[in-house]
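Remarks on the overall topology
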Amino acid sequence: MANSQPIEWLGNKVKLLDQTRLPQEEVYLELTDYHDVASAIKEMKIRGAPAIGVAAAYGIALGVLKTSAKSKDEFLIKLKGITQAMAATRPTAQNLFRVINRMKQIAEAGEDVDEIRKALVSEAIKIHSEEAEATKKLAQFGAELIQNGFTILTHCNTGALATAGYGTALGVIKQAKEQGKNIRVFATETRPRLQGARLTAWELKRASIPFTLITDSMAGYFISRGKISCVIIGADRITSNGDTANKIGSYTLAVLAMEHGIPFYVAAPTTTIDLSLASGDDIPIEERSPQEVTHIQGVSIAPEGTQALNPAFDVTPHYYISAIITEKGIIKEPYIERLKKIA
Ligand code: MRU
C-alpha cells in the first residue's frame, strides 16, 4: 500500500490499514467477515466519509460472497441484514448511505443470484475507483484557490487515509504543493481522536509538505494574528442549501475565518452531497462514547466519574462557506441552485 492507501480488495478479503495504530505502527488487517468490516468502521480503524463508503461497499461484497442464498428473495433478505449492519456504523457520513443504496439497486436489478454476487463485487471496485478519481479531480480544481506563499489551516484528516483516494482538503493542499507552490500547513490536533496530530501529520510528513501542529484552541490566536491565509476542511454531509457537517470544531473555524476576513473552503466529492435534506438541522450527528473525551489513547485524564459529551461532528451554515470544491468544479452561493445542478 504505497502512498498510504487505507483499503484494498483482495478478491475474497478486505485489507485495511488500522488507523487507530498510526503513527506508531503500520498494522494491516485482513478481514473476511462483513461484521468485522462494520466493527472496523465503527471503531474508526477506517474513517473519513469517502473511505467509510468504500469500506462499506467491500464489506457488503464480502457479506454476499459468503451467503448461501439460492433464490433472489432469500438473497435480498440476507443483503438487508448486511446493509443494516453497515448503516448502523457511522450515521453522519453521507457517502455510506449512498453506497448502501447503490448496492441495493444493483441487487434488485439482477436476476440470477450468482450474477448478482459478481455484480456487487464489481460495483464495490467501481465505487472505490470513482471516489479515488473524484478526489484527484477536485484537488486539481481546488489547487487554483491556493496561492504561492499561502499558509493553510486544516482540520481533522482528509487525505488518502480518509478517502481511499487522493484526499479532499488535504488533496487540494498536496496538489498545490505538486504544482510547485511554496505553502505551509497548520494542522489542528483534532480532539478527541487526534486525527490531525496522528494522521494528517503522518501524511504531510510523507508528502514532504512543511507543517506546524497546533491544538484546536490555538486556531483563533494564529488566525487573529494574520498567520493563516485560508482554512480548508472536508465534509461528511452537505445538505441542499450548502450547510456542511464535518469534524467537531469545523464550525468554530468557520466563524473565526469570517470574523478575520479569510476564506473558508469545503472540499468534498459530490457523493457527500445529500439533496434530500433541506438544511444542516436535519443531519444526524453521531454521538460517540464520552470515554473518548475523558481518556486520551486509553489513558484517563479526568477524575473518575466525570461526565462528558462527545458529538463527533458539527454543522457549518452555508453562509460561512466561501466555496465548495467538488470534482465537477468550484461552486459558490447560491448553493441551493448550484448544488442541485452538479449533484
Ligand atoms: O470521525 P472521522 O475521522 O471519520 O471524521 C472525518 C472528517 O470529519 C473528515 O473531515 C470528513 O470525513 C471528510 S474526509 C475526506
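A short note on the overall build of the protein
The number of helices and strands found in the protein is twelve helices and 16 strands. In terms of C-alpha radius of gyration, the protein reaches 20 Å, essentially the compact-globule figure of 20 Å for 343 residues. If you line up the protein on its principal axes, its C-alpha atoms span 65 × 50 × 40 Å. Out of the 343 residues belonging to the protein, those deemed buried represent 55%. Sequence-distant contacts, at least 24 apart, represent 75% of the contacts inside the protein between residues at least 6 apart. Carbon and sulfur atoms make up 51% of the accessible area of the protein, which totals about 14300 Å². Placing the 39 positive and 38 negative side-chain charges of the protein at their respective mean positions leaves the two points 4 Å apart.

Re the state of the cysteines
As used here, a disulfide is simply a covalent bond connecting the sulfur atoms of two cysteines. Summed over the entire model, instances satisfying the criterion amount to zero disulfides. Of all cysteine sulfurs, the one in C230 lies closest to C156, which takes part in no disulfide; the gap is 17 Å. Residue classification places C156 among the buried residues on the basis of a relative accessible area of 8%.

Some details on the nonpolar core
If you look at the biggest cluster of nonpolar residues, it comprises 42 residues, and the most contacted ones within it are I7 and M86. Mapped by element, the contributors of at least two residues to this core are β1 (7-9), β2 (14-17), β3 (28-31), α1 (34-42), α2 (49-66), α3 (72-87), α4 (94-109) and α5 (113-143). Ranked by the residues each element gives to this core, the list is headed by α2, at twelve residues.

Digging into the domain arrangement of the protein
Segmentation of the protein into domains returns domain 1 (7-136) and domain 2 (140-342). Computed from C-alpha atoms alone, the centre-to-centre distance between domain 1 and domain 2 is 25 Å. In this complex, domain 1 contributes 31 residues to the contact, which on the side of domain 2 involves 37 residues. Interface of domain 1 and domain 2: buried area, both sides summed, is about 2800 Å²; carbon and sulfur atoms make up 50% of it. Considering only the side of domain 1, the residues that lose the most area to domain 2 are R47, T92 and K136, jointly responsible for 24% of the buried surface there. The tally of links between domain 1 and domain 2 comes to two salt bridges.

Here's the deal with the site of the ligand
In the vicinity of the ligand there are 18 residues, among which A49, R90, Q195, N246 and K247 approach most closely. Within the side chain of R47, an N or O atom sits 2.8 Å from an oxygen atom of the ligand. Between an oxygen atom of the ligand and a main-chain N or O atom of A49, the distance comes to 2.8 Å. For the ligand, whose unbound accessible area comes to 410 Å², protein coverage reaches 100%. Mapped by element, the contributors of at least two residues to the shell around the ligand are α2, α6 (160-163) and β9 (244-247). The residue makeup of the shell around the ligand, split by class, is seven nonpolar, seven polar and four charged. Residue assignment places the shell around the ligand across two domains, with domain 1 (7-136) and domain 2 (140-342) each supplying three or more.

Quick look at the sheet that holds β3
Read across the sheet, three strands follow the order β1-β2-β3 without closing on themselves; strand pairing throughout is antiparallel. Both outer strands of the open sheet, β1 and β3, are each paired with one neighbouring strand and no more. Strand-to-strand twist across the sheet, computed as the mean angle between neighbouring axes with direction ignored, equals 20°. Note: β1 against β2, three bridges, orientation antiparallel. If you follow E8 over to β2, its bridge partner there is K15.

Considerations on the side chain of T270
Looking at the element boundaries, T270 is found in the loop between β10 (264-267) and β11 (273-274). Accessibility expressed as a relative area gives 9% for T270, which makes it buried. Once residues lying within four places of it in the same chain are set aside, the contact partners of T270 are R98, T326, E327, K328 and I342.

Looking at unusual backbone geometry
Residues L22 and P23 are joined by a peptide bond in cis, for which omega reads 5°. Locating P23 in the fold gives a position in the loop between β2 and β3. Following R191, the chain continues to P192 via a peptide bond in cis, the omega torsion being 5°. With a phi angle near 65°, M44 is a residue other than glycine that sits in the positive phi range. The residue M44 is located in the loop between α1 and α2 in this model. Judged by relative accessible area, M44 falls into the buried class, the value being 4%. With a phi angle near 70°, T190 is a residue other than glycine that sits in the positive phi range. Take T190: its relative accessible area is 0%, and that puts it in the buried class.

Thresholds applied
- Residues numbered from 1 in each chain as written.
- Predicted model: local features only at pLDDT ≥ 70, side-chain atom pairs only at ≥ 80, totals over all residues.
- Heavy atoms only, no water.
- Helix = DSSP H or I, 4+ residues; strand = E, 2+ residues; numbered from the N terminus.
- Rg over C-alpha atoms; globule rule 2.2 N^0.38 Å.
- Buried < 20%, exposed > 50% of the residue type's maximum accessible area, 1.4 Å probe, protein only.
- Contact = heavy atoms within 4.5 Å.
- Areas by Shrake-Rupley, 256 points an atom, 1.4 Å probe, with all protein chains shown as cover.
- Lys, Arg positive; Asp, Glu negative; His and termini not counted.
- Charge placed at Lys NZ, Arg CZ, Asp CG, Glu CD.
- Disulfide = S-S within 2.5 Å.
- Core = buried A, V, L, I, M, F, W, Y, C linked by side-chain atoms within 4.5 Å.
- Domains from an automatic or database assignment.
- Buried area = accessible area lost by both parts, 1.4 Å probe.
- Salt bridge = Lys/Arg side-chain N within 4 Å of Asp/Glu carboxyl O.
- Near = heavy atom within 4 Å.
- Polar contact = N/O pair within 3.5 Å; in protein donor to acceptor, adjacent residues only side chain to side chain.
- Nonpolar A, V, L, I, M, F, W, Y, C, P; charged D, E, K, R; others polar.
- Pairing = 2+ DSSP bridges.
- Axes fitted to C-alpha atoms, helices over the stretch in contact; angles between N-to-C directions.

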